[in-house]
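Commentary on secondary and tertiary structure
Here is what each chain is made of, one letter per residue.
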Amino acid sequence: MRFVDEYRDADLGQALAGEILGLVEPGRHYKVMEVCGGHTHSIYKYGIDDLLPANVELVHGPGCPVCVIPMGRVDDGISLAHEPGVIFTCFGDMMRVPGSNGSLLEAKAAGADIRMVYSPLDALRIAKQNPDREVVFFAIGFETTAPSTALTIIRARQEEIKNFTVMCSHVTIVPPLRALLESPDLRLDGFVGPGHVSTVVGARPFEFIPVDYGKPVVVSGFEPLDILQSVYMILKQLAEGRCEVENQYKRIVPYEGNLKALEVMAEVFELRPHFEWRGLGFISHSGLKLNQNYADLDAEIRFSVPGVRVADPKACQCGEVLKGVIKPWECKVFGSACTPERPIGTCMVSSEGACAAYYNFGRFAREREVV
Amino acid sequence: MATEQAISDREQKVLGIIATARGKRAKFRDERITMAHGAGGKATASLIEGLIVPKLAPSGEQALNELADAGRVSIDGTQMAMTTDSYVVKPLRFPGGSIGELAVNGTANDLAVSGARPLALSLSLILEEGLPAEILAAEIEAIAKAAQEANVEIVTGDTKVVERGHADGLYITTSGVGQLDPRAQLSPTALRPGDRILLSGSIGDHGTAIMLARGEFELDADIYSDTRALWPAVDALLDAAGPDLRCMRDATRGGAASVLNELARSAQVAIVVEEGAIPVKPAVAGACELLGIDPMYVANEGKFLAFVAPESAEAALAALRNTPGCEDAAEIGEVRTEPPGMVLVNTSFGGRRVMDQLVGDPLPRIC
């Protein structure tokens, strides 16, 4: 595949691995967090950590859109899906996330009309095709997916589609990063910055990380060579005593972001005073909702939503995994009570979840020879 | 280059627990059937192994280990194979084929990869009220043509009509019988360390063609279903490898990855696959990349995996490549002893990872 295979070249990977080895100080332990779930997925899929020196540790961050949805929010979605006349639409990954009383997939089997869509525009199309039904779209994701939700909402307004609403659970990337950096139990040396989010917000919003907290950030692409190169760039900053935001993903990410996308978001959304994150609790100004001008398209206003806060299951340590405090396998229920077939926590559901990636793709030490 | 242990003892212990859990027979604990039970992955295994087989074959273990594409029946000393399959694909027609063609080839292929020459099929049609007669007539023609090409006879059948909305146009069930070929000594438990794994051609064509045919992605590509009869390829393999041919499976629902996992588990061997050796057409690879799907989990309707003793692997591969439709056949990996029940992949990038059974459902109703 042209324009993709170039970034998966094994020889270049080995060469980069050699360069990285030359940069690390023996005896120093480096902890680098990849913020985005897409990076976590790539790291396991390609076995990238196999190529890193043992004292360079990749720590998984909070950037998996499905993982950060709290249980109460899933319950709210299921409750909406059971409203008479409602067609409830959501992304596929979201279907298997457990609420306090089952998942959307189970609610579908129990009779609710729940449909998987690939984009919010698909949900709008379903609304046009079913004028006598109420179509609700469960919008999730960071700034990566928020613009397409915003565009869909604007289009619904323009086309005067009255039977379409959005249950908005969009979140923003900076507040959880700040919360992480404020947290005393985590010592990080740098960040592999979220490439997809940055296509929208640019690299600029991450400037606070070197300025306020003295950590390097390298915005990174998602192919294995991208990630290796970003790790290299972080280690190089550390070795040279520099600390700044660098952009490895220049082929896609402009420093200023995508102004059009930011405009449509500003047109439709406003910040919630606070939003609950799975495992991380309430974070101020971290979630988006439809603003006054679009309130008529807000599912939480058109329907009554329980909005009950449900505590995470006691055994579940998704919060610690999302903060990078523990590795997936260090969670008490990992692989025993919590598996991809029967997840307890969100991190075990999405393909971008650290636990699911670790479980599905496994890990094998070089030392452990396969006979 | 690493001085520290890359994996601590504690992590190794957790990995061990997962490996044990992976090897266990799935239990069925769901309150209702969900779409995941139809995906050919872990939920399907829990349905079959946890709910159905224990009631029908109380002796259990033996039946489960032998769970193959077709069952064996001995009639007055003649070894026969029998199989059945239902077809609910949506849409009914798609680039490269249609439901009628699938219904013949799918069932005939389950016989073929079990080492039986397909002889006869039954045909049951479930028709939805309102189905245009023209569509039905076209499918019957497709069935007749596919049966002729596969050299099987349709010997009996049945029709039922259900109210509008109680089926989606047309569902088909076919059952087939075939005669076990004396050259074939196949069993999943026959796999031995060192056996080579052959794949009969490029993967992912059928599932990707269906996905695009549904028009949900607004993607256009020249991708066609690979539906075809496999007996000629199996016949050529049996000639070339004889008793060195250990086992075959067609890589339908759940894709090649699911077949490899099933076999690793039932033979309690490890399977190591070289990612770079797996043939995938560029258009299919591109579409899968865009959709975030691994072609190893995408359904095929004319591809199978063959396990061959190393001595005969070369001859077997050559024989395969000489068969029409299998020109792209490749050796993709081999059987090892450790870790039992697992499928590992050496990635093209130089890493190694597990290729697990499918959990979710990338796309329902592909066959």
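Residues numbered from 1 in each chain as written. Chains lettered and ligands numbered in written order. Predicted model: local features only at pLDDT ≥ 70, side-chain atom pairs only at ≥ 80, totals over all residues. Heavy atoms only, no water.

1. Some thoughts on the overall build of chain A
Along its length, chain A carries 14 helices and 13 strands. Since a compact globule built from 371 residues should have a radius of gyration of about 21 Å, the 21 Å found for chain A is in line with a globular shape. Across the 371 residues of chain A, 60% fall into the buried class. Look at the contacts in chain A between residues 6 or more apart in sequence, and 77% of them connect residues 24 or more apart. The distance from the centre of the 37 positive side-chain charges to the centre of the 47 negative ones in chain A is 2 Å. (Helix = DSSP H or I, 4+ residues; strand = E, 2+ residues; numbered from the N terminus. Rg over C-alpha atoms; globule rule 2.2 N^0.38 Å. Buried < 20%, exposed > 50% of the residue type's maximum accessible area, 1.4 Å probe, protein only. Contact = heavy atoms within 4.5 Å. Lys, Arg positive; Asp, Glu negative; His and termini not counted. Charge placed at Lys NZ, Arg CZ, Asp CG, Glu CD.)

2. A few points about the overall build of chain B
Along chain B, the regular secondary structure elements total 10 helices and 14 strands. For 367 residues, the compact-globule estimate of 2.2 N^0.38 gives 21 Å, and chain B sits close to it at 21 Å. C-alpha atoms of chain B, sized along the principal axes, occupy 70 × 50 × 45 Å. Taken across its 367 residues, chain B has 53% of its residues classed as buried. Restricting the contact set of chain B to residue pairs at least 6 apart, pairs at least 24 apart contribute 83%. Split by element, the accessible area of chain B, about 15800 Å² in all, is 51% carbon and sulfur. (Areas by Shrake-Rupley, 256 points an atom, 1.4 Å probe, with all protein chains shown as cover.)

3. Topic: the environment of G257 of chain A
Residues and elements named next belong to chain A. Relative to the elements of secondary structure, G257 occurs in the loop between β9 (245–247) and α11 (259–268). Classification of G257 by relative accessible area gives buried; the value is 10%. Every residue in contact with G257, bar those within four places of it in the chain, is listed here: S198, T199, V200, V201 and G202.

4. A few points about the interface of chain A and chain B
With 53 residues of chain A at the contact, the number on the chain B side is 49 residues. Across the chain A to chain B interface the summed buried area is about 4400 Å²; carbon plus sulfur atoms make up 59%. The tally of links between chain A and chain B comes to 3 salt bridges. Residue K42 of chain B is joined to E341 of chain A by a salt bridge in which the shortest nitrogen-to-oxygen separation is 3.2 Å. (Buried area = accessible area lost by both parts, 1.4 Å probe. Salt bridge = Lys/Arg side-chain N within 4 Å of Asp/Glu carboxyl O.)

5. What about the environment of V308 of chain A?
Residues and elements named next belong to chain A. Tracing the chain through its elements places V308 in the loop between α12 (299–302) and α13 (318–322). Along the chain, V308 and G99 lie 209 residues apart, while their C-alpha atoms are 12 Å from each other. Contact partners of V308, with chain neighbours within four places excluded, come to G72 and D76.

6. Re unusual backbone geometry
Residues and elements named next belong to chain B. Cis geometry is adopted by the peptide bond preceding P91, which originates at K90 and carries an omega value of 5 degrees. Of note in this structure, N151 is not a glycine but carries a positive phi near 60 degrees. Mapped onto the elements, N151 comes out in the loop between α5 (133–150) and β6 (153–162). One non-glycine residue, Q268, adopts positive backbone phi at about 50 degrees. For Q268, the location among the structural elements is in the loop between α8 (255–267) and β10 (270–274).

7. Here we look at the confidence of the model for chain A
The predicted model of chain A has a mean per-residue pLDDT of 90, with 97% of residues at 70 or higher. Within the model, the stretch residues 365–371 of chain A combines pLDDT values under 50 with 19 contacts to residues more than four positions away or in other chains. (pLDDT = per-residue confidence, 0-100.)

8. Brief notes about the state of the cysteines
In protein chemistry, a disulfide is the covalent bond that joins the sulfur atoms of two cysteines. Residue and element names in this part refer to chain A. If you walk through the whole model with that rule in mind, you get 1 disulfide over all chains. The disulfide partner of C64 is C67, and the gap between their sulfur atoms is 2.3 Å. Linking C64 and C67, the disulfide has an S-S dihedral of approximately 70 degrees and is accordingly described as right-handed. Assigned by exposure class, C64 and C67 land together as buried. With no disulfide of its own, C318 lies closest to C316 among cysteine sulfurs, the gap being 3.5 Å. (Disulfide = S-S within 2.5 Å.)

9. Some points on the packing of helix α5 (residues 120–129) of chain A against helix α6 (residues 146–158) of chain A
Residue and element names in this part refer to chain A. At a minimum axis separation of 9 Å, α5 and α6 run at an interaxial angle of 25 degrees. When the interaxial angle is binned, α5 and α6 end up roughly parallel. Side by side, α5 and α6 meet where P120, L121 and L124 of the first sit next to S148, T149, T152, R155 and A156 of the second. Taken together, the residues of the contact of α5 with α6 break down into 4 nonpolar, 3 polar and 1 charged. (Axes fitted to C-alpha atoms, helices over the stretch in contact; angles between N-to-C directions. Parallel < 35°, antiparallel > 145°, perpendicular 65-115°, else oblique. Nonpolar A, V, L, I, M, F, W, Y, C, P; charged D, E, K, R; others polar.)

10. Regarding the environment of Q12 of chain B
All names here are of chain B. Tracing the backbone shows Q12 in helix α1 (residues 9–23). Residue class for Q12 comes out partly exposed when judged on its relative accessible area of 27%. C-alpha separation for the pair Q12 and P188, spaced 176 residues apart in sequence, amounts to 29 Å.

11. Details of helix α3 (residues 71–81) of chain A
For α3 of chain A, the tally of buried residues reaches 10 of 11 residues, placing the bulk of the element in the interior. Within α3 of chain A, burial applies to M71, G72, R73, V74, D75, D76, G77, I78, L80 and A81 of chain A.

12. Some thoughts on the side chain of H39 of chain A
Residue and element names in this part refer to chain A. Examined against the element boundaries, H39 turns out to sit in helix α2 (residues 37–46). The buried category is assigned to H39, whose relative accessible area is 0%. Setting aside residues no more than four positions away along its own chain, H39 makes contact with E34, V192, G193, P194, G195, S220, G221, F222 and I227.

13. Overview of the sheet that holds strand β11 (residues 304–308) of chain B
All names here are of chain B. On the basis of which strands lie adjacent, the open sheet formed by 7 strands has the order β9-β11-β8-β12-β10-β13-β14 and mixed pairing. Two strands bound the open sheet, and with one partner strand each, they are β9 (245–250) and β14 (352–354). Recorded for the sheet is a direction-independent mean angle of 25 degrees between the axes of neighbouring strands. Here β9 pairs with β11 via 5 bridges, running antiparallel. Bridged to D250 within β11 is F304. (Pairing = 2+ DSSP bridges.)

14. Topic: the pairing of strand β1 (residues 71–75) of chain B
All names here are of chain B. Bridge count for β1 against strand β2 (residues 78–87) is 5 bridges, and the pairing is antiparallel. Bridged to S74 within β2 is Q79. Hairpin connection, β1 to β2: the antiparallel pair is bridged by 2 residues, and D76 has positive phi, about 45 degrees.

15. Overview of the packing of aromatic side chains
All names here are of chain A. All chains considered together, the criterion is met by 9 aromatic pairs over all chains. On the numbers, 5.8 Å between centres and 55 degrees between planes, the contact of F88 with F138 is tilted. In this pair, F88 sits in strand β3 (residues 86–90) while F138 sits in strand β5 (residues 134–141), placing the two residues 50 residues apart along the sequence. Taken as a pair, F88 and F138 share a single burial class, namely buried. Centroid distance F334 to Y359: 6.1 Å. Interplanar angle 65 degrees. Geometry classified as edge-to-face. A residue pair is termed long-range when its members are at least 10 positions apart, and F334 in the loop between α13 and α14 (354–361) and Y359 in helix α14 qualify at 25 residues. For F334, a relative accessible area of 5% corresponds to the buried category. Of the aromatic side chains, those joined through ring pairs into one cluster are Y44, F334, Y358 and Y359. (Phe/Tyr/Trp six-rings, centres within 6.5 Å; stacked < 30°, edge-to-face > 60°.)

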